[in-house]
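Residues per chain, in single letters:
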Amino acid sequence: MASVLALAQNIGEQEGTDGFMSIVETILDIPMEHEKNIYGPFDSFVKKVERTLNVTMISRDGELKLIGPEPMVQKAKSVCHNLIELSKRGNTITEQNVDYALSLVFQEKDGELLEIDKDIICRTINGKPVKPKTIGQKEYVDAIRRRMIVFGLGPAGTGKTYLAMAMAIQAFKDNEVNRIILTRPAIEAGEKLGFLPGDLQSKIDPYLRPLYDALYQIMGADTYLHNAEKGLIEVAPLAYMRGRTLDNAFIILDEAQNTTPAQMKMFLTRIGFGSKVVVTGDMTQRDLPGDVTSGLEVAFKVLKDIEDIAMVRLSSLDIVRHPLVQKIVNAYEEYDARMERRKKTADGRPTGGQAGPPQGGHGPGAGVRYRLEHGKKEKRT
């Protein structure tokens, strides 16, 4: 402690002569009942803020002292203030909250974190609030509220399906729609599973399991089964949608990157009066054959300018699963970008500088022509 203060004093004294940034210290009051939640396991959250912002944080007797360059201390103070407020609202602070608070403070958007937290969509069967956690998720939820059809495109872990499911269940409870229809293409994830045992429902259930999981968590198994028996909640493969007209329904198409253009057109033309549609997908996780174009990709190009249709793109910054998932997604994105650059370089054709015959010239006086074949120049006379 003494050495840190001595260093701060020495640097502060040099500021006027050597142009060093001033070192300041400030003290925050941390309510005792929130210390464990804010500091994290083994003070891991505090240590992450220290490393990221290059400040020193010292906790003693319900106070948190921040020491470091003034701009960084102000950023650390803002991050801590947001975490304190989140904890006071009953949130369990996670590493994702800390990472996102840090990213927002560098974008000078740290005030938006608490605004996002106010938006409670619904509560799970255990009473846990379901709410957007990032700016991208908030835009996605607001688009679902305002528009009739919403396309949500983003990497794994960004809450595309879960938030859409929460919005559907809340709309059903508020009698805004009469039923919920959940669908996705029944396609294997790169594997051939062969013939599956059981009746038709047993064969397709494994493909729809993620939808069931979200339903059970938000609505509860008993409530879901009760409404499913009445036909008010339907979980079905995309192939079952053909020929139907879906009125007064909240319809979610999940894993839409695995639809063909024909399937996507078929699905979107099922929509009736009083219905709302959410289409989710991740173009980096396609399971279609290599020569088949994704219906989601085509829909983004064809429908982007139509009124009452929203296109929302989520990014790795919106991932709310384990922080390692965000690092994995970023690593794959960087790898794909490198491969794309290499491919363009390998397929590139040099432009300009090649000699050619005079216009209309053929034969001995025509000069020299160059032809590019297999990446090499071949001289012809």
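Let us look at the structure shown here. Because the structure is predicted, anything quoted here is derived from the model rather than measured.

**Some thoughts on the layout of surface pockets**
Within this model, the largest pocket holds a volume of roughly 1,400 Å³. Forming the walls of the largest pocket are 49 residues, and the residues nearest its centre are Gly157, Gly159, Tyr162, Val320 and Arg321. Among the secondary structure elements, those contributing two or more residues to the lining of the largest pocket are helix 5 (95-106), helix 6 (112-117), strand 5 (129-130), helix 8 (160-173), helix 9 (200-219) and strand 10 (276-281). Top contributing element to the lining of the largest pocket by residue count: helix 9, with five residues. Among the residues forming the lining of the largest pocket, the class breakdown is 18 nonpolar, 18 polar and 13 charged. In this structure, the second largest pocket occupies an estimated 330 Å³ of space. For the second largest pocket, the lining is made up of 20 residues, of which Pro155, Asp282, Thr284, Gln285 and Val329 are closest to its centre. Ranked by residue count, the leading element in the lining of the second largest pocket is helix 13 (residues 323-347), at six residues. Here the lining of the second largest pocket is built from residues that sort into nine nonpolar, six polar and five charged.

**Examining the sheet that holds strand 10**
Each strand in a sheet pairs with its neighbour through backbone hydrogen bonds, running either in the same direction (parallel) or in the opposite one (antiparallel). Taken in spatial order, the six strands make up an open sheet running 8-7-9-10-6-11, and their pairing is parallel. In the strand order of this sheet, the two ends are held by strand 8 (233-237) and strand 11 (309-313), each with one partner. Pairwise comparison of adjacent strand axes, ignoring direction, gives a mean angle of 15° for this sheet. Relative to strand 10, strand 9 (residues 249-253) is paired through four bridges, and the arrangement is parallel. Looking across to strand 10, one finds that Ile252 is bridged to Val278. Contacts from helix 8 reach strand 6 (149-153), strand 7 (179-184), strand 9 and strand 10 within the one sheet, and its direction differs from that of strand 9 by about 170°. Relative to strand 10, helix 11 (residues 261-268) is tilted by about 160°, and along the sheet it contacts strand 6, strand 7, strand 9 and strand 10.

Parameters at a glance
Residues numbered from 1 in each chain as written. Predicted model: local features only at pLDDT ≥ 70, side-chain atom pairs only at ≥ 80, totals over all residues. Heavy atoms only, no water. 1 Å grid on protein atoms, 1.4 Å probe; cavity = no way out; pocket = protein on both sides within 12 Å on 5 of 7 lines; lining within 4 Å. Points joined across faces, edges and corners; volume = space filled by probe spheres on them. Helix = DSSP H or I, 4+ residues; strand = E, 2+ residues; numbered from the N terminus. Nonpolar A, V, L, I, M, F, W, Y, C, P; charged D, E, K, R; others polar. Pairing = 2+ DSSP bridges. Axes fitted to C-alpha atoms, helices over the stretch in contact; angles between N-to-C directions. Contact = heavy atoms within 4.5 Å.

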